[in-house]
Structure formats: C-alpha cells, structure tokens
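Single-letter residue listing:
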Amino acid sequence: MKLQSGLMEYLIFIVIVMALIFAIVIFIFVWQFFSLGGEQAQLTDKKLDYLLDAFVESPVINNPNYQRGLVFDDSKLTAIASLGPEGCQMLESSMGSGWYAEVNISMIFDQCENIRDDGGSWWQVRYRDCVNDLSGKYTRACTSANDYPNCGVWKFCVQNRDEKMKYITMPVNIYRKMNNTVVMGTLKIGVSVQ
Amino acid sequence: MTSTFEVFRILLSILIMVFILLVFLRIADMYMTLQTMKNKIQTVNAFEETVRQVYTTGYPATFQGFTGFETIEYDYDGMGNSGRIKSDAGVKTLDLPVFFRPDRESSLALEKKCEDFGWWRFCWVNTVPKSMRIFFNPVTNTREARALILNISENFGQTELFVCNSTAVAPDLPYSRDDFSYIMANLGYLPSSEIDVCDAYITEPSVLVIIGSVDSAPQPARQNIIIVDPASKKIRDIGGIYEYHDESDIAAFIIGGNSSLDFKKRVFNQSLEAAASVMKARSVLLNGKMKILNRPLCPECPPQLYPKECGGVSYNGIERSDGLFLTFANSLDSLVQNLNSDEYWDELNAVNGVYTQLKSSGCE
C-alpha cells in the first residue's frame, strides 16, 4: 500500500513537472506569435507612411511647377479617377497594391478669386469678401471628364476598399488648374490590415 | 538493499530526464530556428523600408547587408514590374523599380536616380555592394566615350571608380572621386593607341567596363567584364550582345546583367504607358476647357512680365488652349502605339517637344 502511494505521488509529481514544461513552451510560442503580429501591425503603419510619401512625391499626381511636391494637380487627379480601375492599376504599379485613397477639397475661398483692391496696389486682396464655400460642386465626386472642374472629391482604387482597413489622413494642397489657384484639401489613405 | 520500487523509480527518473532533455533540445532548436528566421524576415523588411525611404526622399543610404544569410538572390517578375528577393527568409516582392546586386559579405549602397521628361519622370533605386568597384577601360578614347563614362559614373555615386590601362589601375588607393575626375580629364590628352585592353585581374563583385567596339575588342572572358560600344549602342558580355539606349540602361546592366536591362526596359515602358494614358486623359479633359485671363496682373509691368498665354484662339480677352492639348494627346497616343517599334524614341522626343511647346505657351 505504501509502495503504491509512493509510486502515485511520484507519478503525479512528474505529470505536474511535464505540464509546467509544456505550459512554458506554449507560453513562449504564443508570445512569439503575438510579437510577429505586432511586427505585422508595424508593417501596416510603415506601408501607410510610405504611401503618404509616394502620393506627395508622385509626378503623376503632383503639379510639376511645384518642385517640392505636395501640391496635387486637380486635372491629373480627375484624369486618373476617370480612368477607373486602369487608373488604379497605374498607381499601383508605382505604389504597390492593397490600398484605397481619397482626396477632398476641405477649404476653398470662392469669393476671393480674381478680386483686387481697386484703390490700392494690385496685390491687395479683400479678404473680408472671402467665403469658404464647400457646398454644391466641391462635394461632388470627379469620376469623369464631364464633372470637371465642378467637382472636389477624387477616389482611387475603390475596389480595394474593405471594412478591415487602417486609415491615415493628412492635409494637402490642391492646384486648381482652371482657376490657377491653390486650395486646401485632405488626403485619406487606407491600407488593408492582414 | 535496494527495493524493486527504488530500482523502478531510478529507471523511470532516467527515462523521464532523457525525455525532458530531448524535448528541451527540440524546443531550443525550434526556438533558435524561429528566432533566426524572424531576424532574417526583419532584415528583409528593413531593406524594403530603406528602399522605400530612398525612393521617396531621394537621399542615398547604406544598408548593413545580409550577412548571416545562406542565400540571397534577386530576380525579376517575368510579367510585372517588380523584383523579388529570394533568400532564407522566403520570397519578398519589391513594389518599386529596384536594380539590386545582392551580396552577403558587404554592406549595400542605395541611391535614387531619375530620368525627367517634364511631363513624366521615371525613377528607380540602384543598390550595389559597397565592396563593388567599377574599372573603366576606354579602348576607344573619344570625347563621347569619356562623356559616356562620366554619365555612367553618375549612376554610382557611392561606388569607387577607376580607369584601367593595360595592367595599371588609376587612381591608386586611397581613392577619391576628384582623383577619378582628374584622371578622366587627363585622358583627353592621350590618344587611343596609348590605351591598351585592361589585363588586371578584377574579381567579383567588381566590374570591368571596356568602352570599345563589341566586334573588335577581345571578347569578355569572365562574367564581370562587359564591353560598351557607344557607336552601335550595344553591350556585350560573356553571354551575348544586347542593345541599350542610354547610360541608365548601361548602369542597370552593370548591376544585374541582361535580366536587369530587360527589367529596366519593361518597367520603363510600363511606367511610360501608364503616365501617357493619364496625361492623354488629362489633355482631353483640358482641351477646350482651359481659359487663362489675358489680363496682365500688373498693367504697369513691361509686356515680358505679363502672364503667359495658353496659346490658341483669342476670344473676348480670353485665351483658349484649343488645339495644343489635343496635339499633345495625339502625340501620346502615337507614342503608346509605337512602344515596341523602332520609332519609339523618336515618338518620345516628339511628345517631349509638344510638351515643351505647351509649357512655353503658358498652358503648364
């Protein structure tokens, strides 16, 4: 009887030790797994950063008269948007795939255009007359040549858009080719989270 | 006296200890493999990140390299415009145009280069081992050959460059870019007959570039010797003769041989086709719509300071761009149709010409 209980005690001890070892092993591998997941999240952030840089730098989107980039040309944006999936494919060829982007006009002082102070020097603009008018034409999407220039929203690679996307937004300048003016806008980029 | 239980316990203990030891060894091995793999994946990801930074910022960079890797190769996706890094860490596709000569021993120099056509810009990243040196041997010592060498060297801003004559290599180490420029400038005083084929034994990853005729110069005996013939615009290596168009083609060839040159041509054409379709759509969009006020911003200014007019028909003080944008769109169309023909570069020059006209007309 004493022999049996001693054996049982010993076996139970061994089982506990084995269970501990396996628990430690599982912990190590789960930890590794989660650290790889963190790595993946970092990759998504890095891809977003890269896409922002790529948009800001891209000669296909920016106006060439602004050498330092960051001034989108509305006619180029419209041309790419009007090409649909082909335009998306073109952007993907230099920026990689698995993203969605949207450019919006966020501020436009409609009444300031071509206003000069009659009594003063030629460069004095009467700011009191400026109105930030974002109604109507500037909230319309530019999807074809017919919309241009009475539109202010450009969407690219809409087919890549899904619910599991991580977004980043930044302010940008948009050159209005027809008016020869620069307005403020926002660039929103979404990347698929794997 | 030892009881049966004691013997059983000792035996079982030994068995379990051996089992635990084996399990631990196996786990340690798996963990080490996993860690090594993770480090390698991180290295490849870091390389991709460095490439992206160089591409977007334009600043050259150094990457610490792939030391510890058992294999590292770079090839090009046959259909698309991407390169693939094949290594112990698996296959990684690079989205950007990258010309890459992998090396496990040395750190890498990364540099962005661009060809600017005004209406379109094509950029790529050159990545070469820091230990790579380029030896030029201008057997044909003409002004064009020397200009070609200087233009090729601009693609390798962080690479050591030398001129080789017979077995002599100049400048001697320690080396500086100024020394190379000085030697190049002085080559102008030397007749071709005084420059012999380079016999110095140049080991990889360094490359010997002979500027001469692909037919008359001695044939390349090793993988790292190439002959560039500016007269016929051909390159010869141990594998055959290939056509090039400009110095960036030669640079791509120096980095990765014929597959790299093929990739450069393919990715250039794809990028050009894409840019042409956007610019064509844009030109059609702007044609007839674009109006620029023909009213000087400062009436007291001399006429040369007036804003430029976007040429075409004048109507009620408004200049319209009718015609010019359409001409540009048509020239782009013609370019895309001739992408794979002999007239390709003539068409590209024609497009650049119309764009220059657009710019000088104040439409851009």
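What counts as what
Residues numbered from 1 in each chain as written. Chains lettered and ligands numbered in written order. Predicted model: local features only at pLDDT ≥ 70, side-chain atom pairs only at ≥ 80, totals over all residues. Contact = placed C-beta atoms within 7 Å. Helix = DSSP H or I, 4+ residues; strand = E, 2+ residues; numbered from the N terminus. Pairing = 2+ DSSP bridges. Axes fitted to C-alpha atoms, helices over the stretch in contact; angles between N-to-C directions. Buried ≥ 20, exposed ≤ 12 C-beta atoms within 10 Å, placed from the backbone. Parallel < 35°, antiparallel > 145°, perpendicular 65-115°, else oblique. Left-handed = near helix turned anticlockwise from the far one by under 90°. Nonpolar A, V, L, I, M, F, W, Y, C, P; charged D, E, K, R; others polar. Domains from an automatic or database assignment.

(A) Representation of the interface of chain B and chain A. The partner chain A presents 37 residues to the 32 residues of chain B that form the contact. Elements that contribute at least two residues to the side of chain B that touches chain A include exactly α1 (4–57) and α4 (247–286) of chain B. Considering each element in turn, the side of chain B that touches chain A owes the most residues, 12 residues, to α1 of chain B.

(B) The arrangement of the sheet that holds strand β3 (residues 153–156) of chain A in detail. All names here are of chain A. Strand order in the open sheet formed by 5 strands is β1-β4-β5-β2-β3, and the pairing between neighbours is mixed. In the strand order of this sheet, the two ends are held by β1 (71–73) and β3, each with one partner. Shown here is a sheet whose adjacent strand axes are inclined to one another by a mean of 30 degrees, direction ignored. Pairing between strand β4 (residues 165–176) and strand β5 (residues 181–192): 12 bridges, direction antiparallel.

(C) Region of interest: the pairing of strand β9 (residues 160–165) of chain B. All names here are of chain B. In terms of residue burial, β9 counts as a mostly covered element, since 5 of its 6 residues are buried. Alignment of strand β8 (residues 133–138) against β9, held across 4 bridges, turns out to be parallel. The partner of F136 across the bridge, within β9, is V163. Strand direction decides the pairing type here: β9 and strand β10 (residues 168–170), joined by 3 bridges, are antiparallel. From the neighbouring strand, V163 faces β10, where its bridge partner is A170. Where β9 hands over to β10, the hairpin turn is made up of 2 residues, of which S166 adopts a positive phi near 60 degrees.

(D) Main features of the packing of helix α2 (residues 74–83) of chain A against α4 of chain B. Viewed as axis vectors pointing N to C, α2 of chain A and α4 of chain B meet at an angle of 110 degrees, and their least axial separation amounts to 8 Å. Viewed along their axes, α2 of chain A and α4 of chain B adopt a mutual orientation that is roughly perpendicular. Here α2 of chain A runs over α4 of chain B; the crossing is right-handed. Contact with α2 of chain A, carried on its side by S75, K76, T78, A79, I80, S82 and L83 of chain A, involves S277, V278, A281, R282, L285 and L286 of chain B of α4 of chain B and no other residues of that element. When the residues that make up the contact of α2 of chain A with α4 of chain B are grouped by side-chain class, the tally is 7 nonpolar, 4 polar and 2 charged.

(E) How the structure looks around the domain arrangement of chain B. Residues and elements named next belong to chain B. Split by domain assignment, chain B resolves into domain 1 (4–122), domain 2 (132–243) and domain 3 (265–360). Its C-alpha centre places domain 1 at a distance of 35 Å from the equivalent point of domain 2. With 6 residues of domain 1 in contact, the opposing surface of domain 2 contributes 6 residues. Across the side of domain 1 that touches domain 2, the residue classes break down as 2 nonpolar, no polar and 4 charged.

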